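Per-entry structural report
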Amino acid sequence: MPAVPAVTPAAVHRPFGAVLTAMATPFTRDGALDVPAAQALAERLVDDGNDGLVVAGTTGESPTLAEHEHDTLLAAVVEAVGSRAHVVAGCGNNDTDHTLRRARAAEKTGVDGLLVVTPYYNKPPQEGLYQHFLAVADATGLPVMLYDIPGRAATAISTEVLLRLAAHPRVVAVKDAKDDLFASSQVMAAAGGEGGLAYYSGSDQLNLAHLAQGAAGMVSVVSHVAAAEYAQMVAAVDAGDLPTARALHARLLPAVTAIMTRTQGAIMVKAALELLGAVPNRHVRLPLVEATDEQVEQLAADLRGAALL
């Protein structure tokens, strides 16, 4: 029987760091953008172990932010933590021209990169997706993380298109919320490695699974409350210590369940941040609605179950 050749693990390519929080956007009780609270939250998140923040993304309630609020929020977070962490601007909608304008505006705020979501609702064909993302990558000098989330956008980015886009020097990463581990492993095998297309888990339920098959890290909602634990998970996987990584995954399951499965994640993570004293209130803008007292009570129990409260 021939000997099995030794396999040397490839170095993990992390263009935006390893643990990024998809940061919630604090509002005042009357619904205005709360810039001081946003800066304080950004500082807390970085202090807790995040080496990157995605600002003005879906968890940041980007659909309800005015354009000037996007720019103000991005600039404020860059001012607060830009010297200590990667700041990535949530960017994109279903109009390519509008997306290009927003990308150029984000670049002026000093962010380190763009998270560009799949155009939603109009269900473009794959060639349309390719042309859309190519136009955004050509619009600025910033590196781009593609955001593949068919559950919101109704259209997934095909493996073929991801591989085509990987050839662009500024398309450097994917936030994967498609939850197709086989497809993501195919892209990583074909276009990963140093200087290639880095994968980031976009589903907290699958953070460990993505890391185990070579992902660079995660863009997480639960990392609002568990950044240190996720940083430990990344370090454990890097070291080949899967028992430790699995133990952390198991410990955090109640928090993932509480924040990501009972209602919209932005609603529950704001309630969790209020419980921890990290934001002044759990206000969200319509059409989202605040967590109920009953939901908060269950959330507190789950966070205690995960040793986070």
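Residues numbered from 1 in each chain as written. Predicted model: local features only at pLDDT ≥ 70, side-chain atom pairs only at ≥ 80, totals over all residues. Heavy atoms only, no water.

Points about the pairing of strand 3 (residues 86–91)
Counting buried positions along strand 3 gives five out of six residues, so the element sits mostly inside the fold. For strand 3 and strand 4 (residues 113–117), the ladder comprises four bridges, and the chain directions are parallel. Opposite V88, over in strand 4, you have G113 as the bridge partner. A crossover connection joins strand 3 to the parallel strand 4 through helix 3 (residues 96–108); in handedness this β-α-β unit is right-handed. (Buried < 20%, exposed > 50% of the residue type's maximum accessible area, 1.4 Å probe, protein only. Helix = DSSP H or I, 4+ residues; strand = E, 2+ residues; numbered from the N terminus. Pairing = 2+ DSSP bridges. Right-handed = clockwise from strand over helix to strand, strands pointing away.)

What to know about helix 10 (residues 242–260)
Along helix 10, the sharpest change in direction is near 45° and occurs at L252; proline P254 comes one to four residues later. Of all the positions in helix 10, only A245, L248, L252, A255, V256, A258 and I259 are classed as buried. Buried residues along helix 10 sit in contact with helix 8 (207–212), helix 9 (223–238), helix 11 (265–275) and helix 12 (293–305). (Bend = angle between axes of the 7 residues up to and from the residue. Contact = heavy atoms within 4.5 Å.)

Focus: the UniProt feature "active site" (unreviewed entry) in the protein
UniProt's feature table lists "active site" (unreviewed entry) at Y147 and K175, given in the numbering used throughout. On the basis of their most widely separated C-alpha atoms, the annotated residues across 29 residues gather in one place, lying no more than 4.8 Å apart. Take Y147: it is sitting in strand 5 (residues 144–148). Here Y147 is in contact with T58, L115, V116, V117, T118, I157, K175 and A177, once residues within four sequence places are set aside. Along the chain, K175 turns up in strand 6 (residues 171–176). Excluding residues that lie within four positions of it along the chain, K175 makes contacts with L115, M145, L146, Y147, D148, Y200, G202 and V219. (UniProt positions renumbered as here; feature names shortened; annotations may be inferred.)

Side note on the environment of E43
Tracing the backbone shows E43 in helix 1 (residues 35–48). In the structure, E43 is positioned 38 residues away from V81 in sequence and 6.1 Å away in space, judged by C-alpha atoms. Beyond its immediate stretch of four places on either side in the chain, E43 contacts A80, V81 and R84.

A look at the UniProt feature "binding site: pyruvate" (unreviewed entry) in the protein
The feature "binding site: pyruvate" (unreviewed entry), as given by UniProt, occupies T59 and V219 in the numbering adopted here. These annotated residues cover 161 residues of sequence, but their C-alpha atoms sit close together, with the largest distance between any two at 10.8 Å. Within the secondary structure, T59 is located in the loop between strand 2 (52–55) and helix 2 (67–81). For T59, the contacting residues outside a window of four places in its chain are A22, M23, A24, T25, V221, H224, A266 and V269. Given a relative accessible area of 2%, V219 falls into the buried group. With residues up to four places along the chain from it excluded, the contact list for V219 reads L20, A22, V54, M145, K175, Y200, S201 and G202.

So, the pattern of salt bridges
Throughout the structure, instances matching the rule amount to 15 salt bridges. Notably, a salt bridge pairs E61 with K270, separated by 2.7 Å at the nearest N-O pair. Taken together, the residues span a long stretch of sequence, with E61 in the loop between strand 2 and helix 2 and K270 in helix 11 at a distance of 209 residues. Take K270: its relative accessible area is 3%, and that puts it in the buried class. Among the ionic pairs, D293 bridges to R282, the shortest N-O distance being 3.0 Å. (Salt bridge = Lys/Arg side-chain N within 4 Å of Asp/Glu carboxyl O.)

Here's the deal with the sheet that holds strand 1 (residues 19–22)
Reading around the circumference, 1-2-3-4-5-6-7-8 is the order of the eight strands in this closed barrel, with parallel pairing throughout. For this sheet, the mean inter-axis angle between neighbouring strands, taken without regard to orientation, is 25°. Here strand 4 runs beside strand 5; their pairing, made up of four bridges, is parallel. Bridge pairing in strand 5 places V117 opposite Y147. (Axes fitted to C-alpha atoms, helices over the stretch in contact; angles between N-to-C directions.)

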